Amino acid sequence: MAAKKTSSAKKPKGLVPVARKAVRLAERRTVAAAVNAVSRVPALGDLPSGEAFLAKQASAGSRRFMPQAEVRMKQTKRPSTGRLPLLIMQHAASGEVALADAADHQGSAHPNFLERVATRIADEGDLQTAVRLRRRALELDPENPARRLALANTLAAVTERGVVHDWIVGLANGPVAANGEEILDLLKQAYELAPGNPYVLHEYGTALIGAGQVHEGVPLLEIAVLKQPGESWFMELADIYRRPDVAQFEKAMTFYERVFEKDPKNTKALSGIINAGTRGPMDWARIWRSVRKLETRKKTKATPYENEDVRAQLDQLLWTQENPTEEQVETLVAGLKREANMDSMLHPMALNLVITRLQFARFFSAGFALREAAAKERTRTLRKSAITTAHQLRSLMKAHAYLDDGETAASLADPRFWDSPDQMERLQIEKLQADAELMSGRPEAYIEYSRKARRRTPLTADDTMEKLIKGRRVALVGPAETGDRLGNIIDEYDVVVRPRYQPDFIAENRDAQGSRTDITYYSGQDLTSLFETISGAAEAGDIKVVNARPFSHAAHAHRNLEWLRFYRQDFSLCFHGGSLGIQRMAYDLLQFQPEEICVFNSDLYTGNSMFTTGWREGNTFGPYSHINDIVVSHDVKSEFRFMKALMGTGIVTAQGRAAEVLEQTPEEYVRAVEDAGVLC
């Protein structure tokens, strides 16, 4: 009589020898035989003892494994990994997650084993399982700050639909971290457990800054880079110092210089040196020491700096702090143009520094002539190769717009010819064309684009803005002392809009400023520093809507205030920097289809003073002056053209001194700026 067969399910212990053999073979590095043995252990199912044995061995062997968060905390490049548990995880028939769960079920799961499985699963895109395993690892090892860091990093990768900032589209729907508060809390706990660890300091400081707590986060980053100097952290901290709500330009410049000295090919660091240096210390020789390396190191393309006369003129302009004479400027510009005709051009960043230096010395015409030459060179260069992305297209369109060729810019961005599978890129193309159409005095595409954008991504106070503005007459009131006394006319408008609401200033200048403020706009720096004052005025009903710049959304949106609006978008075709305040406000207001936007109390820097006395402290260029941004981050000639384009829509008008200035040609306007001397 034949013996009755017994199924393997009734004899789970028979699998133990197979599992043990797999472990022995793996320990001897007989990989192929080990894989074969491991694969003979069936799926977990009823947790046969062989599989349980493998789970226990994999967990025990992972004690030597060093999680990535711990690697960074310990600043080591050679973490232990352990070959045996990795082999079992990769080839166990039941899968590595099942092994981890089996070990946990047996009470033998080591936190490093759970972390190891979580790392591999996260790399494959299963973030939810990775979060679950890391939560369990934290429960088993609650006093280890690396567990909190690892969990926070995984949670940060779990996204949901929210509002993101794109530099063309502005604020739009996109992926944002879904667990912001929990991430911040985990990092805070890690900091409390390891307050002196540089990686913990860096991660917690970065999270605080991202949550809008800039002044709490920056000191932590400063200690982190002191303890662990490194190029990437230097760059991060320098970028933060340069932010308008921090504005510590000397520190920013110092860190950019450290990066550039170590890596002279890092053009982002060099750009930071120029931006921070011209907005901050204004030490031209110090800036030039870095920038001239672009022209002195061996290059494949000719540079004007090889010409002895041009080199002497450039060094004279930038090594000395004295302003150049008119003759020196004419000689330099003629030399650069002569070199350009021979296809010998300064690096764009070096040229930008020269232009900035000339304009700080009040030679605006010379600076604009060089910038227009740079725009022509950009169109020539960009058309040599294929344009395949929205950002490349934007660069070409900006050059055409700067050359007062809005029609060409608009034709380049016809959405029919740019079919992209990426939704954000499609929106970018549509936005670029709408802005180019606006430059030609046609607002319809911009208004329609903005209407659809509000529907796609509703933002707080957009509805309030539309109710206040649509079909209404809007007075846009600047802070300049123009000699106009049109306060009574301003008060007759349906809506009064101002930058930086200041009730005492308005009361003292009622004959020029009018008496009301319905809507106000703030820069990023002012919004942060004056928030309590702003909030008090809004809560009291003195102002109906406070508008903040789009990039402020990440730092302040969590406040959820009905009166605080983050205006969605800026004009996207500025060749140099961004739009100035009056133009930026008019651009935003236009989308809501007012009957009229009338500009008051603005002379576009052609008057005797920057602002009316009492509106803001400081109204001259100089080290660390906020006025420096008018030259460093803007181009007043292109902004003049933009305002004339807005007036070309028939919706934007002007009264008083503003109307007189805007009747000028661009060339007449630049001469008026130079003659006035307010920008000096």
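Predicted, not measured: the structure shown is a model, and the values here were computed from it.

A closer look at the overall build of the chain
Consideration 1: Helix and strand counts for the chain stand at 37 helices and nine strands.
Consideration 2: For the C-alpha atoms alone, the extent of the chain along its principal axes is close to 115 × 65 × 50 Å.
Consideration 3: Across the chain, every contact between residues at least 6 apart in sequence was considered, and the portion connecting residues at least 24 apart equals 65%.
Consideration 4: Put simply, the chain shows about 30700 Å² of open surface, and 48% of that area lies on carbon and sulfur atoms.
Consideration 5: Here the chain contributes 89 positive and 89 negative side-chain charges, whose respective centroids are spaced 12 Å apart.

Some words on the confidence of the model for the chain
One rule of thumb: low pLDDT means the predicted coordinates there are not for detailed reading.
Consideration 1: Of the residues in the chain, 91% reach a pLDDT of 70 or more, and the chain-wide mean stands at 90.
Consideration 2: Note on residues 1-13: pLDDT under 50 across the span, and five contacts to partners over four residues away in sequence or across chains.

Description of unusual backbone geometry
For residues that are not glycine, phi is negative in most cases, and the peptide bond is trans in most cases.
Consideration 1: Located in the positive-phi region is M282, a residue other than glycine, with phi close to 55°.
Consideration 2: Topologically, M282 is positioned in the loop between α15 (267-279) and α16 (284-291).
Consideration 3: M282 gets classed as buried once you look at its relative accessible area, which sits at 13%.
Consideration 4: Although it is not a glycine, L604 adopts a positive phi angle of roughly 55°.
Consideration 5: Relative to the elements of secondary structure, L604 occurs in the loop between β8 (596-600) and α34 (629-632).

Some details on the environment of T154
Consideration 1: Inspection of the secondary structure assignment puts T154 in helix α9 (residues 145-157).
Consideration 2: The class of T154 is buried, set by a relative accessible area of 4%.
Consideration 3: Excluding residues within four positions of it along the chain, T154 makes contact with L127, A130, V131 and R134.

Comments concerning helix α31 (residues 531-539)
Consideration 1: By the burial criterion, the buried members of α31 are F531, I534, S535, A537 and A538. For α31, the buried positions fall inside an angular range of 165° around the axis, keeping them on one side. Among the exposed residues of α31, those pointing more than 90 degrees away from its buried face are E532, T533 and E539.
Consideration 2: One or two positions beyond α31, positive phi appears at G541, with a value near 85°.

Quick look at the side chain of E596
Consideration 1: Following the sequence through the fold, E596 ends up in strand β8.
Consideration 2: Its relative accessible area of 15% is what places E596 among the buried residues.
Consideration 3: In this structure the side chain of E596 is engaged in a polar contact, spanning 2.6 Å, whose partner is the side chain of T653.
Consideration 4: Not counting chain neighbours up to four residues away, the residues in contact with E596 comprise R472, R473, V474, Y493, I651 and T653.

Let's talk about the pairing of strand β1 (residues 159-166)
Consideration 1: For β1 and strand β2 (residues 170-177), the ladder comprises eight bridges, and the chain directions are antiparallel. Across the sheet, the residue bridging to H165 is L171, located in β2.
Consideration 2: Count of turn residues in the β1/β2 antiparallel hairpin: three residues.

Let's talk about the packing of aromatic side chains
Consideration 1: Applying the stated criterion to the full structure yields 17 aromatic pairs.
Consideration 2: Ring centres of F360 and F621 lie 4.8 Å apart, and the angle between their planes is 85°; on these two criteria the pair is classed as edge-to-face. Separated by 261 residues along the polypeptide, F360 in helix α20 (residues 348-360) and F621 in the loop between β8 and α34 bring together distant segments of the chain. Take F360 and F621: they sit in the same class, and that class is buried.
Consideration 3: On the basis of an interplanar angle of 50° and a centroid distance of 4.9 Å, the ring pair of F611 and W615 is categorised as tilted.
Consideration 4: Using a relative accessible area of 15% as the deciding quantity, one classes F611 as buried.
Consideration 5: An aromatic cluster of three or more residues is present, and its members are Y446, F571, Y587 and F642.
Consideration 6: Looking at R311, its charged tip hangs above the ring of Y305, at a distance of 5.9 Å from the centre.
Consideration 7: Lying over the aromatic face of F531, R559 brings its terminal NZ or CZ to 3.8 Å of the ring centre.

Considerations on the sheet that holds β8
Consideration 1: Strand order in the open sheet formed by seven strands is β7-β6-β5-β4-β3-β8-β9, with parallel pairing between adjacent strands. The sheet is open, and its two edges are formed by β7 (564-566) and β9 (652-654), each paired on a single side. The mean angle between the axes of side-by-side strands here comes to 25°, regardless of whether they run parallel or antiparallel.
Consideration 2: Taken together, the three bridges between strand β4 (residues 495-499) and strand β5 (residues 519-522) define a ladder with parallel strand orientation. When the bridges of β5 are listed, V497 appears paired with I519.

What about the packing of helix α33 (residues 581-590) against helix α35 (residues 636-647)?
Consideration 1: Contact geometry of α33 with α35 gives a least axis separation of 10 Å together with a crossing angle of 30°. Comparing the axis directions of α33 and α35 gives the class roughly parallel. For α33 against α35, the interelement crossing comes out left-handed. Contacts from I582, Q583, A586, Y587 and L590 in α33 reach E639, F640, F642, M643 and L646 in α35.
Consideration 2: Classifying every residue of the contact of α33 with α35 gives eight nonpolar, one polar and one charged.

Considerations on the environment of L353
Consideration 1: Residue position: L353 is located in helix α20.
Consideration 2: Residues L353 and I287 lie 66 residues apart in sequence; the distance between their C-alpha atoms is 8.7 Å.
Consideration 3: Every residue in contact with L353, bar those within four places of it in the chain, is listed here: I274, T278, W284, I287, W288, V291 and L318.

Criteria and thresholds
Residues numbered from 1 in each chain as written. Predicted model: local features only at pLDDT ≥ 70, side-chain atom pairs only at ≥ 80, totals over all residues. Heavy atoms only, no water. Helix = DSSP H or I, 4+ residues; strand = E, 2+ residues; numbered from the N terminus. Contact = heavy atoms within 4.5 Å. Areas by Shrake-Rupley, 256 points an atom, 1.4 Å probe, with all protein chains shown as cover. Lys, Arg positive; Asp, Glu negative; His and termini not counted. Charge placed at Lys NZ, Arg CZ, Asp CG, Glu CD. pLDDT = per-residue confidence, 0-100. Buried < 20%, exposed > 50% of the residue type's maximum accessible area, 1.4 Å probe, protein only. Arc of directions from axis to C-beta. Polar contact = N/O pair within 3.5 Å; in protein donor to acceptor, adjacent residues only side chain to side chain. Pairing = 2+ DSSP bridges. Phe/Tyr/Trp six-rings, centres within 6.5 Å; stacked < 30°, edge-to-face > 60°. Lys NZ or Arg CZ within 6 Å of the ring centre and 35° of its normal. Axes fitted to C-alpha atoms, helices over the stretch in contact; angles between N-to-C directions. Parallel < 35°, antiparallel > 145°, perpendicular 65-115°, else oblique. Left-handed = near helix turned anticlockwise from the far one by under 90°. Nonpolar A, V, L, I, M, F, W, Y, C, P; charged D, E, K, R; others polar.

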